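# Examining the three-dimensional arrangement
Listed here are the chains, written in short residue letters.
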Amino acid sequence: MEELLRKELSVSRVRAAAHSGGGCISQGQSYDTERGCFYVKTNHKAEARRMFDGEMASLEAILRTDTVRVPRPEKVIALPAGGAVLVMEHLNMRSLNRQSAVLGEQLADLHLQNQRLREKLDRESGIVGKGSGRSEVDYVDRFGFHAVTCCGYLPLVNDWQEDWVTFYTRQRIQVQIDMLEKSSGDREARELWAQLQLKVPQLFSEVEVIPSLLHGDLWGGNVAELDTGPVIFDPASFYGHSEFELAIAGMFGGFSSSFYSAYHTKIPKAPGADKRLKLYQLFHYLNHWNHFGGGYRGSSLGIMRSLLK
């Protein structure tokens, strides 16, 4: 690995540092160089290059908003024996604690950033001579993303759609149901979803969904803090409904009441949010079912039954 990094990063000194780690999908190790310390994620699966390309595109997109800290990505490198590595800035992270409220505020700023761009364009459209300058980020008026991203190691369908309900039902839930159909042929899941998808539009009758850039996989294991503030990592970004972000956050813990209070001060709960939260959690339970097996079947079917009542 050291020789590969020397070549690809154009450095002469590479030494494994004391920092290492990893999760369910990839392993990580930090390396000291004369250019600073880098964190290197390694995955030997055939799909690793696609997965890391999507993660790098996600980190770059969040970085450009200048709202919430993410590790600065450096490069995706193919491994000679198969798989790939993602090289990024090493950060001395610790568990999220004192910075919870700040993260709530900054996450809301991330979600509001695209809406604020639209409002700025609306204001400037009537002013002669304005509108010629470009910001670091352009307003996005659709749902999707410019790259394939992965929630875990399974690819997400990020094709652009004008309508959020269409995007979410077809490109998030239906894709997961189709994967289950191939792997287990679960008839009850298919039948429950056939009924539920007809009711989904009703859950959005009282809300306007404006595309927000999302982290996409914001559970407690993907957030931390530095001395200077919070940091989020391992994103699976796309432009979607801001409420989707809070779904997995509420499934596995790791977020204090101060986080939610700070977030909802900037983005108040909209009518029907609690039911939509269940709909958004359905994606994550189905995704876990497809990743890790039938232990998540009961939760997935239970959510569909509760939304059908």
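Everything below is about the structure printed above this text.
Attention in this report is confined to the structure presented alongside it. (Residues numbered from 1 in each chain as written. Predicted model: local features only at pLDDT ≥ 70, side-chain atom pairs only at ≥ 80, totals over all residues. Heavy atoms only, no water.)

## Remarks on the overall build of the chain
The helix and strand inventory of the chain stands at nine helices and 11 strands. Whereas a compact globule of 309 residues would reach a radius of gyration of roughly 19 Å, the chain reaches 20 Å, a difference of no more than 12%. The dimensions of the chain, computed from C-alpha atoms along their principal axes, are 60 × 60 × 35 Å. Within the chain, the fraction of its 309 residues that count as buried is 50%. At a minimum sequence separation of 6, the contacts of the chain that also span at least 24 residues come to 65%. (Helix = DSSP H or I, 4+ residues; strand = E, 2+ residues; numbered from the N terminus. Rg over C-alpha atoms; globule rule 2.2 N^0.38 Å. Buried < 20%, exposed > 50% of the residue type's maximum accessible area, 1.4 Å probe, protein only. Contact = heavy atoms within 4.5 Å.)

## Notes on the environment of Ser-258
Tracing the backbone shows Ser-258 in helix α7 (residues 257-266). Each C-alpha atom, one on Ser-258 and one on Gly-104, is 7.7 Å from the other, the two residues being 154 residues apart in sequence. Among all residues touching Ser-258, those that are not within four sequence positions of it are Ser-100 and Ala-101. Within the structure, the side chain of Ser-258 is placed 2.7 Å from the side chain of Ser-256, a separation counted as a polar contact. (Polar contact = N/O pair within 3.5 Å; in protein donor to acceptor, adjacent residues only side chain to side chain.)

## What to know about the environment of Gln-171
Looking at the element boundaries, Gln-171 is found in helix α4 (residues 164-183). Along the chain, Gln-171 and Asp-159 lie 12 residues apart, while their C-alpha atoms are 8.0 Å from each other. Every residue in contact with Gln-171, bar those within four places of it in the chain, is listed here: Val-157, Asn-158, Asp-159, Gln-161 and Thr-166. A distance of 2.9 Å separates a polar side-chain atom of Gln-171 from the backbone oxygen of Asp-159. In this structure the side chain of Gln-171 is engaged in a polar contact, spanning 2.9 Å, whose partner is the side chain of Gln-161.

## Looking at the packing of α4 against helix α5 (residues 187-199)
Where α4 meets α5, the closest approach of the two axes is 10 Å, and the angle between their N-to-C directions is 160 degrees. On the basis of their axis angle, the class for α4 and α5 is roughly antiparallel. Crossing of α4 over α5 shows left-handed handedness. Across the interface between the two elements, Thr-169, Ile-173, Gln-174, Ile-177 and Glu-181 from α4 touch Ala-189, Arg-190, Trp-193 and Gln-197 from α5. (Axes fitted to C-alpha atoms, helices over the stretch in contact; angles between N-to-C directions. Parallel < 35°, antiparallel > 145°, perpendicular 65-115°, else oblique. Left-handed = near helix turned anticlockwise from the far one by under 90°.)

## Focus: the side chain of Thr-42
If you trace the backbone, Thr-42 turns up in strand β3 (residues 36-43). If we skip the residues at most four places from it in the chain, Thr-42 touches Met-1, Ser-26, Gln-27, Phe-52, Leu-79, Ala-84 and Val-85.

## Considering unusual backbone geometry
The phi torsion at Ser-10 lies on the positive side, around 55 degrees, for a residue other than glycine. Its location among the elements puts Ser-10 in the loop between α1 (2-9) and β1 (14-22). Phi at Asp-66 is positive, roughly 55 degrees, even though this residue is not glycine. Inspection of the secondary structure assignment puts Asp-66 in the loop between α2 (48-65) and β4 (73-78).

## Some thoughts on the side chain of Ser-100
One can find Ser-100 in helix α3 (residues 100-124). Residue Ser-100 is classed as buried on the basis of its relative accessible area of 4%. At a separation of 3.2 Å, a polar atom in the side chain of Ser-100 contacts the main-chain carbonyl oxygen of Asn-97. Once residues lying within four places of it in the same chain are set aside, the contact partners of Ser-100 are Ser-256, Ser-258 and Phe-259.

## Comments concerning the pairing of strand β9 (residues 223-226)
Here β9 shows no split at all, with Val-223 and Glu-225 on one side and Ala-224 and Leu-226 on the other all buried. Here four bridges tie β9 to strand β10 (residues 229-232), and the two strands are oriented antiparallel to one another. Looking across to β10, one finds that Glu-225 is bridged to Pro-230. The turn linking β9 back onto β10 is made up of two residues. (Pairing = 2+ DSSP bridges.)

## Section: α2
Between its terminal C-alpha atoms α2 stretches 26 Å, which fits the 26 Å expected from 18 residues at 1.5 Å a residue. Every buried residue of α2 is accounted for by Ala-48, Met-51, Phe-52, Gly-54, Glu-55, Met-56, Ala-57, Ser-58, Leu-59, Ala-61, Ile-62 and Thr-65. (Expected span 1.5 Å × (residues − 1).)

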